[in-house]
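Given next are the chains, with one letter for each unit.
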Amino acid sequence: MDENELTNRLRALADETVPDAVRVAHLQRMAATPADPTHGFGRAWVAAAAIVGFLAGSTGLAAAGALPDPAQDVAHDVLAVVQVDVPEGKRGPCVSAIAKSDLSQAEKKSAKDDCPKGGNGASGGDGAGKSDEAPGSTKHADDPCKGKPPWAGKKDLTTEQKDALKAERAATCGTEREADDADELEGDDDGVGTEDGGESESTDTTEADG
Amino acid sequence: MSRDVERSPASVYEALAAAVLGYFRAQRMRDPEALTGDVFVAVTEKLTGFRGDDAALRRWVFTIAHHRRVDEIRRSVRQPELLDVAAESPPTVDPTPIDPALVEALDRLTSDQREIVVLRYVADLSVADVAELTGKRSGAVKMLQARGLAALAAYLDSTSPTEA
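Residues numbered from 1 in each chain as written. Chains lettered and ligands numbered in written order. Predicted model: local features only at pLDDT ≥ 70, side-chain atom pairs only at ≥ 80, totals over all residues.

(A) Up close: the overall build of chain A. Helix and strand content of chain A: nine helices and zero strands. Moving toward the C terminus, one meets the helices and strands of chain A in the order α-α-α-α-α-α-α-α-α. Taking all contacts inside chain A whose residues are at least 6 apart in sequence as the whole, residues at least 24 apart take part in 37%. (Helix = DSSP H or I, 4+ residues; strand = E, 2+ residues; numbered from the N terminus. Contact = placed C-beta atoms within 7 Å.)

Given below as structure tokens:
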């Protein structure tokens, strides 16, 4: 048997007539079957909803400055095109500037470690738990009467030097409170108790710890 | 039927029901008429979402038929006892095909060869369509087709009465 004859016989199988009784039963079943009006739109709807959800979510995160830094930078650049202002990532420019500097590798590594982490910039987010200050700065750098006193944690100072600093601070700030705090801190550092640590113990220790 | 026209389920049935029935009969499926009905019920449900020309329609309908066949085979593997009981009941319609010798010869092929040969010649799908539908490469489809046709010819030659 040649191939043409065989394929013709095979194709003839598709020409079998459907018995009338079967045909009528099939058409009745089909007539009783409602068309699914959502079919064909299902995938499109799911895809559209996914895209809208993704865009809304990522734009919201970008607006809050909560994206990882590289993504925050991209979001800043892209959304700026459509006049949407979202904060820029902070660590990226800092690291980039350090990389371009003439510092040694060790200095660059140290400086990079001091770059701010996370996406919460000055213009976005609440910054909770993160510092917006420059590396090495302190929280109360502009007010000598607040925060850690100048002799706190400096073990290499002599007693005379510390007393001089205390006197200077007392003269500037006019209160003994910070001096007491400093004594307490000094005591913590040295493992020696304070002279009058009673009421001051529960006041500003967190500030010094921080 | 022209390209992308509105089709009624009945018109699709009239155009393709015989081929779908032949597909199930050639595959030696139990109750091919019921399976054909199932396929066109599914077609009726989903036809509003279908877009495409006649070739695409044929490809789509036989994709449904192929999946229905696979489902039926899986069901028969899971529930052989139920099908045995069903097999004892007489069929509602005489399933004898118009070419019983050919259908018997198809039954001698391997499952893959039979599937490819039937999809290529009974369903009248292209090699690419069959490859996509069965998840095989085009080369594998061509090889199975050639071996299937050769086996069919050999079997039919061996069983046909010798010409005087």
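(B) Layout of the interface of chain A and chain B. Facing the 28 residues of chain A at the interface are 35 residues of chain B. Where the side of chain A that touches chain B is concerned, the elements lending two or more residues are α1 (3-12) and α2 (20-31) of chain A.

(C) Broad picture of the nonpolar core. If you look at the biggest cluster of nonpolar residues, it comprises 43 residues, and the most contacted ones within it are Val 20, Tyr 23, Val 61, Val 118, Leu 119, Val 122 and Ala 123 of chain B. Of all the secondary-structure elements, those providing two or more residues to this core are α1 of chain A together with α1 (9-26), α2 (32-46), α3 (54-78), α5 (100-108), α6 (111-122), α7 (127-134) and α8 (138-159) of chain B. For this core, the element with the most residues is α1 of chain B, which contributes ten residues. Residue contacts for Tyr 23 of chain B: discarding those within four places in its chain leaves Phe 62, Ala 65, Val 118, Val 122 and Ala 123 of chain B. (Core = buried A, V, L, I, M, F, W, Y, C linked by C-beta atoms within 7 Å. Buried ≥ 20, exposed ≤ 12 C-beta atoms within 10 Å, placed from the backbone.)

(D) Geometry of the packing of α6 of chain B against α7 of chain B. Residue and element names in this part refer to chain B. Relative orientation of the contacting elements α6 and α7 amounts to 135 degrees, with a least axis distance of 10 Å. The orientation of α6 with respect to α7, classified from their angle, is oblique. Our pair here, α6 against α7, has a crossing hand that is right-handed. Together, Glu 115, Ile 116, Leu 119 and Arg 120 of α6 and Val 130, Leu 133 and Thr 134 of α7 make up the contact between the two elements. Tallied by class, residues from the contact of α6 with α7 come to four nonpolar, one polar and two charged. (Axes fitted to C-alpha atoms, helices over the stretch in contact; angles between N-to-C directions. Parallel < 35°, antiparallel > 145°, perpendicular 65-115°, else oblique. Left-handed = near helix turned anticlockwise from the far one by under 90°. Nonpolar A, V, L, I, M, F, W, Y, C, P; charged D, E, K, R; others polar.)

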